[in-house]
Amino acid sequence: MSTAIPHDFRIGVDAADIDFMGHVNNASYLKWVQDAVLDHWRAIAPSEVVGQHLWVALKHEITYRKPTFLGDDVIATVLLEKVQGARAFYETVIKRGEEVLAEVKSSWCCLDAATLRPARLARDVIDHFFGNDAP
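Please read all numbers here as calculations on a predicted model, not as lab measurements. Each chain carries its own residue numbering, running from 1 in the direction its sequence is written. Confidence filtering applies because this is a predicted model: local features only for residues at pLDDT of at least 70, side-chain atom pairs given and counted only at 80 or more, and all residues used for totals across whole chains, interfaces and linings. Side-chain measures here rest on the full set of heavy atoms in the structure, leaving out hydrogens and waters.

J.: Quick question: what am I supposed to make of the overall build of the protein chain here?
T.: Only DSSP runs of H or I reaching four residues or more are called helices, and only runs of E reaching two or more are called strands; each is numbered from the N terminus. Secondary structure summary: the protein chain contains three helices and five strands in total. Scanning the protein chain from its N terminus toward the C terminus, one meets helices and strands in the order β-α-α-β-β-β-β-α. Atoms counted for the radius of gyration: C-alpha only. Globule rule: 2.2 Å times the number of residues to the power 0.38. The C-alpha atoms of the protein chain give 16 Å as radius of gyration, which agrees with the globular expectation for 135 residues (14 Å, within 12%). If one aligns the C-alpha atoms of the protein chain with their principal axes, the spans along those axes are about 45 × 35 × 25 Å. The buried share of the protein chain, reckoned over its 135 residues, is 41%. Accessible surface, the protein chain: about 7700 Å² in total, of which carbon and sulfur atoms supply 53%. Positive charges come from Lys and Arg alone, negative charges from Asp and Glu alone, with His and the N- and C-terminal ends not counted. Charge coordinates come from a single atom per side chain, which is NZ of Lys, CZ of Arg, CG of Asp or CD of Glu. Put simply, the protein chain has 14 plus and 19 minus side-chain charges, and the middle of one group is 7 Å from the middle of the other. Burial classification: accessible surface area is computed with a 1.4 Å probe over protein chains only, and a residue below 20% of its type maximum counts as buried, one above 50% as exposed, and the rest as partly exposed. Each accessible area is a Shrake-Rupley estimate made with a 1.4 Å probe; only the visible protein chains count as cover when residues are assessed.

See below:
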């Protein structure tokens, strides 16, 4: 049985992320998740495949646990849960140290970069994300 490979993405909390209540605005979490998932794709997928595919978000479900503030050291850990057809399902956990700040379930559609049509990933590409690429 294979296990998904987690990917850590460091998040810089900018002054522009802070809302009128003094903590990170909810919209910033969406940007962070998008940046983290795309970084995960670029870090693990073979480089020749990265340029051939684009990703668009279909759905995000965010559970906010604790507020995030300017100056916080924040890490998003991305995990690809499964791939079905042209769709990929992710879990992203945003933490400050051991404190969970937000948990995000998201689904994404893979597009062929040339045609902009939904594209299925080859099994050998998917296997890179689940530790199945050993000889």
